[in-house]
Amino acid sequence: MLSDLHVGGKSALTIANIKQNLLKALNEFNNPNIIILGDLFDIHCSKEYRTEFSEFLKSLNITITLILGNHDRLNADEYAKCGIKSIYKELVLDMFILTHKPISTDKFNIHGHLHPGFTKRKLVIKNDRPCFVVANNSICLPAFSGITGKNVFNTNSNQNIYSIKDDSIVLC
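Every chain begins its residue count from 1, and numbering advances along the sequence as written. Selection of residues for local features in this predicted model requires a pLDDT of at least 70, selection of side-chain atom pairs for listing and counting requires 80 or more, and totals for whole chains, interfaces and linings are taken over all residues. Working from all heavy atoms in the structure, the side-chain values ignore hydrogens and water.

With respect to the helices, strands and loops of the structure, asparagine 31 is situated in the loop between helix H1 (15-29) and strand S1 (33-36). With relative accessibility at 37%, the residue asparagine 31 sits in the partly exposed group. The spatial distance from the C-alpha of asparagine 31 to the C-alpha of threonine 63 is 9.4 Å, given a sequence separation of 32 residues. N or O atoms closer than or at 3.5 Å make up a polar contact, with two conditions inside protein: a donor-capable atom paired with an acceptor-capable one, and, for residues adjacent in sequence, both atoms drawn from side chains. At 2.9 Å, the side chain of asparagine 31 and the backbone nitrogen of asparagine 33 are in polar contact. Numbering goes from the N terminus for both helices and strands, where a helix is a DSSP run of H or I of at least four residues and a strand is a run of E of at least two. Only protein chains enter the accessibility calculation, which uses a 1.4 Å probe; a residue is then buried when its area is under 20% of its type maximum, exposed when over 50%, and partly exposed in between.

Written out as structure tokens, the structure is:
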């Protein structure tokens, strides 16, 4: 499960970096299923970049489910060109509800959208370390594209921050 690839975005990783990171994750977890929690393509993604990345995704021969995000504005036929056949606004899986934006619910909400970043200083620094934000009934995934710092979180009693540093996840 990943969120906020923002392929073709001006502030995001290059398509080559996103491909490399995605291949690394697929090899490490050895799972032929991916759920993307929104914002597959950036709103500014060119048709050429979209075509290139769509061909890459289709070549992976994996099952991709897309939860629509605020940047996901293509029609179902365009997503089908990427090999995406399952598209949802939200998806309930037992006790979990998968969304792009956080929602208030009685289920455990797994979402993206916030691009969480962590800093130990009070100063907000864009592109600080990406992190997972875990609360009692939700988890916010970091942006897969590398865009962080949109929302900076500090630790408090209602949530735990797990920062990504190199190839490790560290409780902050």
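Bringing helix H2 (residues 47-59) into the picture now. The span expected for a helix works out to 1.5 Å for each residue beyond the first. An ideal rise of 1.5 Å per residue puts 18 Å on 13 residues; H2 measures up with 18 Å between its terminal C-alpha atoms. Taken together, the buried positions of H2 are occupied by Arg50, Phe53, Ser54, Phe56 and Leu57. When H2 is viewed along its axis, its buried side chains cluster within an angular range of 160° and face the same direction. For H2, exposure combined with an orientation more than 90 degrees from the buried face picks out Lys47, Glu48, Glu55, Lys58 and Ser59. On the buried face of H2, the contacting elements are H1, strand S2 (63-67) and helix H3 (76-80). Of the residues trailing H2, asparagine 61 is marked for its positive phi of about 55°. This arc is taken over the directions from the axis of the helix to the C-beta atoms. Note on definitions: a residue-residue contact is assigned when non-hydrogen atoms from the two residues lie within 4.5 Å.

This part covers the confidence of the model for the protein. Mean pLDDT for the protein: 86, with 87% of residues reaching 70 or above. For residues 122-127, every residue scores under 50 in pLDDT, and the model assigns this stretch nine contacts once sequence neighbours within four places are set aside. Each residue carries a pLDDT value, the predictor's own confidence for that position, ranging from 0 to 100.

Before going further, it helps to spend a moment on the packing of aromatic side chains. Classification of ring pairs rests on two measures: the distance between centres of Phe, Tyr or Trp rings, Trp counted by its six-membered ring, which must be within 6.5 Å, and the angle between planes, read as stacked under 30 degrees, edge-to-face over 60 and tilted in between. Overall, the coordinates contain three aromatic pairs when judged by the stated rule. Where phenylalanine 96 meets phenylalanine 108, the ring centres are 6.0 Å apart and the plane angle is 85°; that geometry is what we call edge-to-face. On the criterion of sequence distance, the pair formed by phenylalanine 96 in strand S5 (residues 96-98) and phenylalanine 108 in strand S6 (residues 108-111) is long-range, its members being twelve residues apart.

Note on placement: threonine 99 falls in the loop between S5 and S6. A relative accessible area of 2% means that threonine 99 is categorised as buried. Between the C-alpha atoms of threonine 99 and leucine 66, which are 33 residues apart in sequence, the distance is 9.7 Å. Within the structure, the side chain of threonine 99 is placed 2.7 Å from the backbone oxygen of lysine 101, a separation counted as a polar contact. A distance of 2.9 Å separates the side chain of threonine 99 from the side chain of asparagine 109, its partner in a polar contact.

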